[in-house]
Structure formats: C-alpha cells, structure tokens
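Chains, contacts and geometry: an overview
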Amino acid sequence: MKPAEVVRGLSRLESNEVGTEQTEPNLFVLDIRSAIDGGGGLGQFPSVTAMKLAMDKAAAARLAAVTVRNSNHYGAAGAYAAMAPERGLIGLSGSNVFH
C-alpha cells in the first residue's frame, strides 16, 4: 500500500472544514425488504406481486428488495425486471434452482 493511500483524507484535518461537518451520521430506518411465500405453486403470481411491492417500496425509499420463496418456475426473469422502467425504476429479477 502506498503512503498516500494510508493517509488519504488526513489533509482535511488541517483545513478550515474541521468542525463544520456533521460529526454523527443520521440514521434512517427504512422498510425496504419483504418476503413472499408462494405456497408451493407456480411462480408467476407471487413474482408479479413481489415486483409490484418492490416498486412501491423503491418509489418511497429509493431502494427495495423482495424475495419469493416456496414457489416453482416463474417464467422469463426479464418480464418482471421490465416492469420497473415503466415507473422510472431499475428492476432486477433472478431465480435459484436446486434439486
């Protein structure tokens, strides 16, 4: 590691900015996570519900994650991610497979 990397930011201690910044961070507790149980059925219905919920949460908090568990094949992942741009958001959709 280079010496400049070790002391990065220390130059601010010598500036007039010391004491003008907030010393304690603001803590925001956001409800941005949810989980939906698919009841063992097909994944399409709970996945659409999850995406709609994620978009509602993201519109309010700027970030959200909703998972679906206990469901089966949900079709094309891109169909759910494509719902987000319609609301000015970025959507991600994925699935896991296990045997």
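Structure: above.
The present account deals with the structure reproduced in this document.

Our next topic: the side chain of Ser-47. Relative to the helices and strands, Ser-47 resides in helix α2 (residues 44–61). A polar contact of 2.6 Å, which involves the side chain of Ser-47, links it to the backbone oxygen of Gly-43. Setting aside residues up to four positions removed in sequence, Ser-47 forms contacts with Val-68, Tyr-74 and Tyr-80.

Further remarks concern the pairing of strand β2 (residues 65–69). Taken residue by residue, a regular strand's side chains alternate between the two faces of the sheet. The pairing of strand β1 (residues 33–37) with β2 spans five bridges and is parallel. Paired with Arg-33 across the two strands is Ala-65, which belongs to β2. A crossover connection joins β1 to the parallel β2 through α2; in handedness this β-α-β unit is right-handed.

With that settled, the discussion passes to the nonpolar core. Counting residues in hydrophobic clusters, the biggest one holds eight residues: Met-51, Met-55, Ala-58, Tyr-74, Tyr-80, Met-83, Ala-84 and Leu-89. With three residues, the top contributor of residues to this core is α2. With sequence-adjacent residues up to four places away left out, Tyr-74 is seen in contact with Gly-43, Gln-44, Ser-47, Tyr-80, Ser-93, Gly-94 and Ser-95.

What follows deals with the environment of Val-68. Following the sequence through the fold, Val-68 ends up in strand β2. Val-68 sits 31 residues away from Asp-37 along the chain, and the two C-alpha atoms are 5.8 Å apart. The contacts of Val-68, once residues within four sequence positions are left out, are Ile-36, Gly-38, Pro-46, Ser-47 and Ala-50.

Rules used throughout
Residues numbered from 1 in each chain as written. Predicted model: local features only at pLDDT ≥ 70, side-chain atom pairs only at ≥ 80, totals over all residues. Heavy atoms only, no water. Helix = DSSP H or I, 4+ residues; strand = E, 2+ residues; numbered from the N terminus. Polar contact = N/O pair within 3.5 Å; in protein donor to acceptor, adjacent residues only side chain to side chain. Contact = heavy atoms within 4.5 Å. Pairing = 2+ DSSP bridges. Right-handed = clockwise from strand over helix to strand, strands pointing away. Core = buried A, V, L, I, M, F, W, Y, C linked by side-chain atoms within 4.5 Å. Buried < 20%, exposed > 50% of the residue type's maximum accessible area, 1.4 Å probe, protein only.

Coordinates in, geometry out; function isn't part of it.
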